[in-house]
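# A structural walkthrough
Below, each chain spelled out in residue letters.
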Amino acid sequence: MSEKNKELAYIFSRIGDALELKGESSFRIIAYRKAARILEDLTEDIEVLAEKGKLREIPGVGEGIAKKIEEYLKTGKMKKYEEALSGIPEGLLELLEIQNLGARTIHLAYKELGVKDLQDLKRVIEDGSLAKLFGMGEKKVENIKKGIEIYEQAHERIPIYEALTIVEDVIEYLKNAPGISQISPAGSLRRMKETVGDIDILATGKNGREIIEFFTRYPNVDRVLASGKTKGSIMVKTEKGKKQVDLRIVEENSYGAALQYFTGSKAHNIRLRSMAKDKGLKISEYGVFRGEEKIAGTTEEDIYKILNLPWIPPEIREDRGEIESALKNQLPDLVNYHDIKGDLHVHSNYSDGHSTIEEIVEHAKLLGYEYIAICDHSQSVKYAHGLTEDRLKRQIEEIEKLNEKITGIKILKGIEVDILPDGKLDFSNELLKQLDYVVASIHIGFKKNVTERMLSALENPYVHTLAHPTGRLISKREGYDVNLDKVFEAALKNNKFLELNAYYDRLDLNEINLRKAKEMGIKITIGTDAHHIGGMRMMRFGVGIARRGWLEKKDVLNCLPYSELKKVLA
DNA sequence: GCCGTTTTCGGCCCGACTGTTTTCAGTCG
């Protein structure tokens, strides 16, 4: 939320890395990384918490970390950070991201061979000096070399959209593998994170080796990284480069335990295993054990049940309070894809979309929607062929005619009206008044008084929703310079909705902000911002992120049936 | 470094694989 939260999260994470390189106690390292993760997730402003003396109330923040936070907030510096990084060259920490290469080896290479960055590392591999170090050898070096290769071509995270496309194709292919029975995506993909590191698939079947071999013959395979009887790993060619896909085969009676384990998150799993331990049990990817005796493992539900927990949906398994809620039997009843009754943000070929209104409507019917809102750009957004007043009026007429003609679905006359650099809206109130649904957003002047402009838009009686409130693009840009706290307050006060833009590169608001909005009592709309009918399928990512933000059906405007939506918008 | 109705000290999730080792360390997920 606040800049300071992010800065501190970054600092603690770097301290963790630095201490790892220096061979510090692993528990201390874990403590720093945990603090980093929690700060990253925190919606409250750390400065505010510090002022109120509430730092120690944050789980994972004890005396030591609290003091360091205070020191940083007061002085802008942290002695521990400088200490931890001292004597560690700039390029060394980055090497921790390379597969098959860990802190011990990096440290060794640094001490013995003066390796300071990736370039040095490649050099000592080529000249053979790394292999000669104590405990090293040809094969280890060969694996590190492979790790570097993967790091260089595929280490960036994969957008959920791309990952899902790949995994669905691979799973479709795997259904024909000999003797395969159950198949599921696992990992952060199953948790619907906005980006994923790698693609994990879990399956059961009679002959693991045969299934893995079948897997390695997947048509788009670029290279086989590993192929055994329980695990296979391939690089798949995609439009955007090569991506790694892992397949694991487990026994039928371990499927639940393995699925739970490989879905993660790591933090969530550690909590579960701790709880199990307190009960004298042990959880592994093979099952739950009391001593030697296996007492669960076939289904995920069984694993949770043994800990007296209801099954927890994958999207919220992040150790962000879901276990506490589950213990109290107060898990949210998360919104589902089939709860969505319409798409409230679609562009037509009137502005920069590629589909006609009729095509969009037909497609919306196919998706089972009750309504659809056409929200094209307004006149000032020239690059998107924004509608002039005249063209908007023509569109209104077309929609009115279509509404008389078609059955089974309602078309809402909408607009995505720009909030101009001076804070005014791009159309007059007289015109906006004629529309069913008004979305306001910023496309011009990202750095110019964004907060004030949004606040004034939220004061306008004809605006319903603020679209993509932070303006971030996941793979491209940071987002507006905006004070979201103020925007949220204004939305609440004026009874406005905030958008979860489901376009895979936006996913804006993100899960953390969604949860905050929900807790404040602000309702959310999920819109795809589709520019062609194919883009309307982005709704599933929107719902995935909504679930990660703990949203329930009642928190989402477009879960309302048309009759009720109409009343709310009026 | 954090944490605690079993502990204010002594724990902190678990197992597999690999490669380098004569019994284990490093790395991964």
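Our structure is the block above this text.
Below: a short report on this structure. (Residues numbered from 1 in each chain as written. Chains lettered and ligands numbered in written order. Predicted model: local features only at pLDDT ≥ 70, side-chain atom pairs only at ≥ 80, totals over all residues. Heavy atoms only, no water.)

## Thoughts on the overall build of chain A
Heads up, the condition is: By the criteria applied, helices consist of DSSP H or I runs no shorter than four residues and strands consist of E runs no shorter than two, each listed in order from the N terminus. The size measure is the radius of gyration over C-alpha atoms, and the globule rule it meets is 2.2 Å times the number of residues to the 0.38 power. With a 1.4 Å probe rolled over the protein chains alone, any residue whose accessible area is under 20% of its type maximum counts as buried; one over 50% counts as exposed, and the rest are partly exposed. By definition, residues are in contact when any of their heavy atoms lie within 4.5 Å. Here the accessible surface of atoms and residues is derived via Shrake-Rupley with a 1.4 Å probe, and residues count as covered only by protein chains that are part of the display. The positive count covers Lys and Arg only, the negative count covers Asp and Glu only, and His and the chain ends enter neither. To locate a charge, take NZ of a lysine, CZ of an arginine, CG of an aspartate or CD of a glutamate.
Along its length, chain A carries 24 helices and 17 strands. In terms of overall size, chain A behaves like a compact globule, its C-alpha atoms giving a radius of gyration of 26 Å where 570 residues would be expected to give roughly 25 Å. Counting only C-alpha atoms and orienting by the principal axes, one finds that chain A spans roughly 80 × 65 × 50 Å. Split into buried and exposed, the 570 residues of chain A put 54% on the buried side. In chain A, the proportion of contacts linking residues at least 24 apart, taken out of those at least 6 apart, comes to 68%. For chain A, the computed accessible surface area is about 26400 Å², with 49% contributed by carbon and sulfur atoms. The distance from the centre of the 89 positive side-chain charges to the centre of the 92 negative ones in chain A is 3 Å.

## A closer look at unusual backbone geometry
Gly264 connects to Ser265 through a cis peptide bond whose omega is -5°. Among the secondary structure elements, Ser265 is positioned in the loop between α13 (255-263) and α14 (266-278). The phi angle at Asn329 is positive, at roughly 60°, despite the residue not being glycine. You can see Asn329 is positioned in the loop between α16 (322-327) and β11 (342-346). Relative accessible area serves as the criterion here: at 64%, Asn329 is assigned to the exposed category. Of note, Leu507 is a non-glycine position whose phi angle comes to about 40°, a positive value.

## Considerations on the nonpolar core
The line we're drawing: Nonpolar core, defined: a set of buried Ala, Val, Leu, Ile, Met, Phe, Trp, Tyr and Cys residues in which side-chain atoms within 4.5 Å join the residues together.
Grouped together as the largest cluster of nonpolar side chains are 94 residues, with contacts concentrated most on Leu174, Leu247, Ile372, Ile415, Met454 and Ile526. With 9 residues, helix α10 (residues 160-174) is the single largest residue contributor to this core. Contact partners of Ile372, with chain neighbours within four places excluded, come to Asp343, Val346, Ile360, Val361, Ala364, Ile409, Lys410, Ile411, Leu412 and Met536. Grouped together as the second largest cluster of nonpolar side chains are 51 residues, Ile29, Val61, Ala109 and Ile125 included.

## Examining the protein's contact with DNA strand B
Heads up, the condition is: Proximity is defined per residue: if any heavy atom of the residue lies within 4 Å of a molecule or strand, that residue is considered near it. Polar contacts, as used here, are pairs of N or O atoms within 3.5 Å; protein pairs need one atom able to donate a hydrogen and one able to accept it. Residues neighboring in sequence count only if both atoms are side-chain atoms.
Close to DNA strand B lie 38 residues; Gly62, Asn100, Thr105, Tyr261 and Lys277 are nearest. When the atoms of DNA strand B within 4 Å of the protein are sorted by group, sugar and phosphate make up 71%. Contact between DNA strand B and Asn100: a phosphate oxygen at 2.5 Å from a main-chain N or O atom of the residue. Within the backbone of Gly137, a nitrogen or oxygen atom sits 3.1 Å from a phosphate oxygen of DNA strand B. The set of elements that each furnish at least two residues to the surface near DNA strand B consists of α2 (26-41), α4 (63-75), α6 (103-113), α9 (138-154), α14 and β8 (282-284).

## A word on the packing of aromatic side chains
What counts, and what does not: What counts as a ring pair is set by centres within 6.5 Å for rings of Phe, Tyr and Trp (its six-membered ring), and what kind of pair is set by the plane angle: stacked under 30 degrees, edge-to-face over 60, tilted for all other angles.
Per the counting criterion, the structure on display carries 9 aromatic pairs. Summarising the aromatic geometry, the rings of Phe446 and Tyr480 are spaced 5.3 Å apart at their centres and angled 75° between planes, so their arrangement reads as edge-to-face. Separated by 34 residues along the polypeptide, Phe446 in the loop between β14 (437-441) and α20 (450-459) and Tyr480 in the loop between β15 (465-466) and α21 (484-493) bring together distant segments of the chain. On the basis of relative accessibility, which here comes to 7%, the residue Tyr480 falls in the buried class.

## As for the side chain of Asn460
Tracing the backbone shows Asn460 in the loop between α20 and β15. Among the residues examined, Asn460 registers a relative accessible area of 11% and is labelled buried. Side-chain polar atoms of Asn460 contact the side chain of Asn429, separated by 2.8 Å. Every residue in contact with Asn460, bar those within four places of it in the chain, is listed here: Leu425, Asn429 and Lys496.

## What about the state of the cysteines?
Worth spelling out the cut-off: Note on terminology: pairs of cysteine sulfur atoms within 2.5 Å are recorded as disulfides.
Enumeration according to the criterion identifies 0 disulfides in this entry. Here Cys375 stays free of any disulfide, with the sulfur of Cys559 as its closest cysteine sulfur at 17 Å. Residue Cys559 is classed as buried on the basis of its relative accessible area of 4%.

## Some details on the sheet that holds β8
Short version of the rule: Strand pairing is assigned whenever DSSP identifies at least 2 bridges connecting the two strands. Working convention: axes come from line fits to C-alpha atoms, limited for helices to the stretch in contact. Angles between N-to-C directions cover 0 to 180 degrees.
Read from one edge to the other, the open sheet built from 3 strands follows the order β8-β9-β10, with strand pairing classed as antiparallel. On the outer flanks of this sheet lie β8 and β10 (293-296), each paired with one strand and no other. If you compare each strand with its neighbour and ignore which way they point, the axes differ by 35° on average. Bridge count between β8 and strand β9 (residues 287-290): 3 bridges; the pairing is antiparallel. For Ser284, the partnering residue across the bridge sits in β9 and is Gly287.

## So, the sheet that holds β15
Strand order in the open sheet formed by 7 strands is β11-β12-β13-β14-β15-β16-β17, with parallel pairing between adjacent strands. Edge positions in the sheet fall to β11 and β17 (524-527), since each has one partner strand and no second. In this sheet, strand β13 (residues 410-418) lies alongside strand β12 (residues 371-377) in parallel orientation, the contact comprising 7 bridges. Bridge assignment links Ile374 to a residue of β13, and that residue is Lys413. Packed on one face of the sheet, helix α18 (residues 389-405) meets β12 and β13 and runs near 165° to β13.

## A word on the pattern of salt bridges
Rules: When a carboxyl oxygen of Asp or Glu lies within 4 Å of a side-chain nitrogen of Lys or Arg, that pair is called a salt bridge.
Scanning the entire structure with this criterion turns up 36 salt bridges. Between Arg271 and Asp319 there is a salt bridge; the shortest N-O distance is 2.9 Å. Of the two residues, Arg271 is situated in helix α14 and Asp319 in the loop between α15 (300-306) and α16; the sequence distance between them amounts to 48 residues. Between Asp485 and Lys516 there is a salt bridge; the shortest N-O distance is 2.8 Å. One end of the pair, Asp485, is in helix α21; the other, Lys516, is in helix α22 (residues 511-520), with 31 residues separating them in the sequence. Judged by relative accessible area, Asp485 falls into the partly exposed class, the value being 29%. Lys516 gets classed as buried once you look at its relative accessible area, which sits at 16%.

## So, α18
To be explicit about the condition: For a helix, the expected span equals 1.5 Å multiplied by the number of residues minus one. What the arc covers is the set of directions going from the helix axis to the C-beta atoms.
For α18, built from 17 residues, the straight-helix expectation of 24 Å at 1.5 Å per residue is met to within 8% by its first-to-last C-alpha distance of 25 Å. Taken as a whole, α18 has its buried residues at Arg391, Leu392, Gln395, Ile396, Ile399 and Leu402. Buried positions in α18, seen along its axis, are confined to an arc of 145° and lie on one side of it. For α18, exposure combined with an orientation more than 90 degrees from the buried face picks out Asp390, Lys401, Glu404 and Lys405. Buried residues belonging to α18 abut α17 (357-366), β12, β13 and α19 (429-432).

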